[in-house]
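Descriptive structure summary
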Amino acid sequence: MASTLTAPTEVDDRVARRSLGARLLSRPEVGSLVGAGVILVFFLVMADPFRSASNIGTIVYQAALIGVMAVPVALLMIGGEFDLSAGVAVTTAGLTGGLFAYQFSVNVWVGVLVALVVALAVGAFNGWLLMRTGLPSFLVTLGTFFILQGLNLAITRLLSGAVSSNSIRDMDGFEQAKAVFASEFRIGSVNLKILVLWWILFVAVGSWVLLRTKVGNWIFAVGGDAAAARAVGVPVKRVKIGLFMAVGFFAWFSGMHLLFTQSSVQSGEGVGKEFIYIIAAVVGGCLLTGGYGSVVGSAIGALIFGMTQLGVVYAGWNADWFKAFLGVMLLLATIVNLIVKKRADLR
Amino acid sequence: MTTTTKFAEEAGTSPNTPVVHLDGVGKSYGNVHALRGVSLTVRQGEITCVLGDNGAGKSTLIKIIAGLHEHTDGTLSVNGEERRFSSPRESLDSGIATVYQDLALAPLMSVWRNFFLGNELTKRPFGRLDDRRMKRIADEELTKMGISIPNLEQPVGMLSGGQRQCIAIARAIYFGAKVLILDEPTAALGVKQSGVVLKYIVKARDAGLGVVFITHNPHHAYLVGNHFVVLKLGRVALDTHRADLTLSQLTNEMAGGSELEALSHELRGVDAGVVAEPHDRPGGI
Ligand SMILES: Nc1ncnc2c1ncn2[C@@H]1O[C@H](COP(=O)(O)OP(=O)(O)OP(=O)(O)O)[C@@H](O)[C@H]1O
Ligand SMILES: [Mg+2]
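The structure displayed is predicted, hence computed values, not measured ones.

Digging into the nonpolar core
Here is a general trend for soluble globular proteins: nonpolar side chains tend to be buried in one another's company. Formed by 107 residues in total, the largest nonpolar core has its most connected members in A:Met69, A:Phe181, A:Trp199, A:Val234, A:Trp252, A:Met256 and A:Phe260. Ranked by the residues each element gives to this core, the list is headed by helix α3 (residues 56-78) of chain A, at 15 residues.

Quick look at the structure:
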């Protein structure tokens with residue numbers, strides 16, 4: 001080679017080494033962690049039942065009901081998209097499993113599998129339509145939201161003649177499936193639902209995928225700047241469609257939990273839940289505009305939701321306060337995120 | 001992806017074989033004909049400089065080679081084989097790396113994640129990201145370019161324009177296997193960093209890569225170029241080898257002198273179609 005390259009680099013002393021504390025503070029979930037701490041202390045002081053160990057299981061379960069779906073919703077939001085159909089898709093999955101198994105008199109596991117296929121197909125359809133049309137995901141999934149909501153009600157009435165799917169309690173495989181999706185166990189005086197364990201597993205896996213794998217890197221990139229990601233060879237379409245299918249997968253799981261908790265599913269269920277998932281993700285530090293956020297944060301967001309919902313009840317207040325509280329949390333989280341984004345956008 | 005800098009390994013191939021060849025390539029954005037009948041050859045061990053006014057079609061040209069846009073006319077061949085890239089991935093997989101004018105960096109992602117975006121290094125088990133190795137390599141490559149970014153975890157959006165430019169260039173040089181395309185890489189850089197980039201370009205050429213260097217600066221172009229192509233309104237206005245061109249001629253071309261030269265050329269020529277050209281371009285770009 002003709003020339004050797006000796007680039008003299010003097011050390012840039014304008015940038016002070018950041019302390020561990022400063023680095024921790026720049027994590028996306030920090031705001032929500034502080035918020036969760038404040039809310040915990042607040043209700044520990046205000047509400048007697050909050051302090052009893054036996055209620056821990058209930059609070060964590062309440063969080064898990066939201067938290068399982070908040071995992072893919074957070075990933076999707078980091079990838080730069082929304083899914084407004086996420087709430088009703090859970091109901092769709094549950095209804096599909098219940099109705100299919102009952103109508104065809106098959107083992108419930110067949111219904112479970114059919115529900116999985118349907119849920120993944122809904123996700124794939126959302127993603128495909130989005131990439132195909134280039135419309136904002138807000139519009140596309142709003143469409144799917146109404147379609148699914150209508151189908152849930154209409155098909156259920158058509159098949160079962162009622163507003164809920166037929167009970168599948170006596171059918172083959174029910175007990176087995178219930179053990180997987182909706183069983184309960186005790187640790188000491190604490191009653192725990194298996195959903196909580198699944199939730200912890202999902203958060204761990206989701207967070208690992210996001211931070212420690214290629215795909216996770218791509219999720220950040222397609223949300224941060226899709227054109228830039230494409231230019232360096234990231235398969236943007238596949239990542240986004242995959243994210244919508246992940247929402248489908250978790251909607252299936254949540255739907256199965258719903259189905260095997262009760263043995264049937266209400267067809268009007270799920271409307272409005274999509275916003276709760278989004279709130280959990282945003283409170284947990286996800287930017288609405290994509291490219292930034294955390295799965296662990298979404299879990300903290302869900303925990304805040306669970307604590308607040310039950311805290312208000314345990315404190316003996318009117319449940320109306322809960323929604324107001326939730327709104328304030330959302331606004332605070334959004335403001336914190338805005339400051340983060342401003343700092344990062346500084347050019 | 002291997003860990004060593006790629007171009008060192010390609011040195012064995014015989015020099016001056018065309019790697020990328022464009023023949024009569026055109027590109028229309030709807031009714032805007034950004035490129036018309038452009039022919040260009042990128043040879044191994046040569047630096048092809050592409051110059052031209054703003055909006056001349058330089059970026060459009062390289063975006064076709066980089067797979068970001070598909071051409072609407074003509075043919076593009078890589079290693080003698082006709083290709084039509086439908087995504088940048090295909091171009092990258094053919095060994096073509098590009099520094100885009102708009103850089104293609106994700107602002108909220110850290111320096112090292114941006115550096116390896118799309119080419120992540122993984123390790124067993126489960127294909128985890130090998131972040132320690134990626135950080136080390138990113139740090140080494142950036143240090144070689146003469147810039148120090150003390151914290152590789154910093155989001156790219158917080159860096160200066162020049163620092164971001166350096167990341168994009170260092171990345172392309174590291175991953176460019178056969179062809180390196182740089183779209184105005186020195187535009188945002190200081191004197192020292194420009195010098196380093198130019199040295200890198202020469203080094204890449206000497207290692208046997210084909211380099212396409214797009215710039216507004218005829219001095220930079222003349223310092224390193226082997227071959228010069230000037231684009232004007234989407235057409236090739238000049239295509240010469242270094243031996244047939246002086247710096248002042250090139251500067252003249254860039255300063256608009258070619259307008260006159262083209263006119264006199266046309267007056268001497270017989271092709272009436274070319275003389276009529278300025279009037280029939282749509283939209284008056
Ligand atoms: N995506 C697009 N859609 C429509 N027209 C476009 C698009 N991209 C470029 N053009 C047009 O094509 C022409 C060539 O643009 P191009 O970006 O290739 O110029 P350039 O030579 O790179 O200019 P500069 O020196 O300013 O970077 C311009 O007239 C521009 O308006
Ligand atoms: Mg350009």
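Examining the coordination of the magnesium ion (ligand 2)
All names here are of chain B. Within the protein, Ser59 (OG) and Gln101 (OE1) serve as the donor atoms for the magnesium ion (ligand 2), at 1.9 to 2.1 Å. With Ser59 in helix α1 (residues 58-66) and Gln101 in the loop between β6 (96-99) and α3 (111-115), this pair connects stretches of sequence that are 42 residues apart. On the basis of relative accessible area, Gln101 is assigned to the partly exposed category, the value being 43%.

Structural notes on the site of ligand 1
Residue and element names in this part refer to chain B. Around ligand 1 sit 14 residues in total, of which Asn54, Gly55, Lys58, Ser59 and Thr60 are the nearest. Contact between ligand 1 and Thr60: an oxygen atom at 2.5 Å from a side-chain N or O atom of the residue. Computed on the free molecule, ligand 1 has an accessible area of 640 Å², of which 66% lies beneath the protein chains in the complex. At 3 residues, the largest contribution of residues to the shell around ligand 1 is made by α1. Residues of the shell around ligand 1, tallied by class, amount to 4 nonpolar, 7 polar and 3 charged.

Considerations on the sheet that holds strand β3 (residues 46-52) of chain B
All names here are of chain B. Pairing is mixed in the open sheet, where 6 strands are placed in the order β6-β9-β10-β3-β11-β12. Each having just a single partner strand, β6 and β12 (235-241) make up the two edges of the open sheet. Geometrically, the sheet is characterised by an average inter-axis angle of 15° between neighbouring strands, direction not taken into account. Looking at chain direction, β3 and strand β11 (residues 227-232) are connected through 5 bridges and run parallel. Looking across to β11, one finds that Leu51 is bridged to Val230. This element, helix α5 (residues 161-175), spans β6 and β9 (179-183) of the sheet and lies at about 175° to β6.

Overview of the packing of helix α9 (residues 214-224) of chain A against helix α11 (residues 236-262) of chain A
Residue and element names in this part refer to chain A. The contact between α9 and α11 brings their axes to 10 Å, and the two run at 100°. Of the possible angle classes, the one that applies to α9 and α11 is roughly perpendicular. Residues Trp218, Ile219 and Val222 of α9 pack against Val236, Val239, Lys240 and Leu243 of α11. A per-class count over the contact of α9 with α11 returns 6 nonpolar, no polar and 1 charged.

Considering the side chain of B:Ser77
With respect to the helices and strands, the residue B:Ser77 is situated in strand β4 (residues 73-78). With a relative accessible area of 13%, B:Ser77 lands in the buried category.

Digging into the sheet that holds strand β2 (residues 32-43) of chain B
All names here are of chain B. Read across the sheet, 4 strands follow the order β2-β1-β4-β5 without closing on themselves; strand pairing throughout is antiparallel. The sheet is open, and its two borders are formed by β2 and β5 (81-83), each paired with just one other strand. Strand-to-strand twist across the sheet, computed as the mean angle between neighbouring axes with direction ignored, equals 30°.

Quick look at unusual backbone geometry
In this structure, the amide linkage connecting B:Arg124 to the following residue, B:Pro125, adopts the cis form with an omega of -10°. Mapped onto the fold, B:Pro125 is located in the loop between β7 (122-123) and β8 (128-129). Positive phi, normally seen in glycine, also occurs at A:Ser105, with a value near 45°. Mapped onto the elements of the fold, A:Ser105 is located in the loop between α4 (86-103) and α5 (108-133). With a relative accessible area of 60%, A:Ser105 lands in the exposed category. Positive phi is not limited to glycine here, since A:Ser263 has a value of about 80°. In this fold, A:Ser263 is placed in the loop between α11 and α12 (273-283). Look at A:Ser263 and you get buried, because its relative accessible area is 3%.

Brief notes about the interface of chain B and chain A
Across the boundary between the two partners, chain B contributes 43 residues, which contact 39 residues of chain A. Counting the surface chain B buries against chain A, the share from its top three residues, B:Leu108, B:Arg113 and B:Leu117, is 17%. Our enumeration of links across chain B and chain A arrives at 1 salt bridge. Where chain B touches chain A, the interface holds 9 residue pairs in polar contact (both at pLDDT 80 or more). Split by residue class, the side of chain B that touches chain A holds 20 nonpolar, 11 polar and 12 charged.

What counts and what doesn't
- Residues numbered from 1 in each chain as written.
- Chains lettered and ligands numbered in written order.
- Predicted model: local features only at pLDDT ≥ 70, side-chain atom pairs only at ≥ 80, totals over all residues.
- Heavy atoms only, no water.
- Core = buried A, V, L, I, M, F, W, Y, C linked by side-chain atoms within 4.5 Å.
- Buried < 20%, exposed > 50% of the residue type's maximum accessible area, 1.4 Å probe, protein only.
- Helix = DSSP H or I, 4+ residues; strand = E, 2+ residues; numbered from the N terminus.
- Donors = N, O, S within 2.8 Å, 3.2 Å for Na, K, Ca; no water.
- Near = heavy atom within 4 Å.
- Polar contact = N/O pair within 3.5 Å; in protein donor to acceptor, adjacent residues only side chain to side chain.
- Areas by Shrake-Rupley, 256 points an atom, 1.4 Å probe, with all protein chains shown as cover.
- Nonpolar A, V, L, I, M, F, W, Y, C, P; charged D, E, K, R; others polar.
- Pairing = 2+ DSSP bridges.
- Axes fitted to C-alpha atoms, helices over the stretch in contact; angles between N-to-C directions.
- Contact = heavy atoms within 4.5 Å.
- Parallel < 35°, antiparallel > 145°, perpendicular 65-115°, else oblique.
- Buried area = accessible area lost by both parts, 1.4 Å probe.
- Salt bridge = Lys/Arg side-chain N within 4 Å of Asp/Glu carboxyl O.

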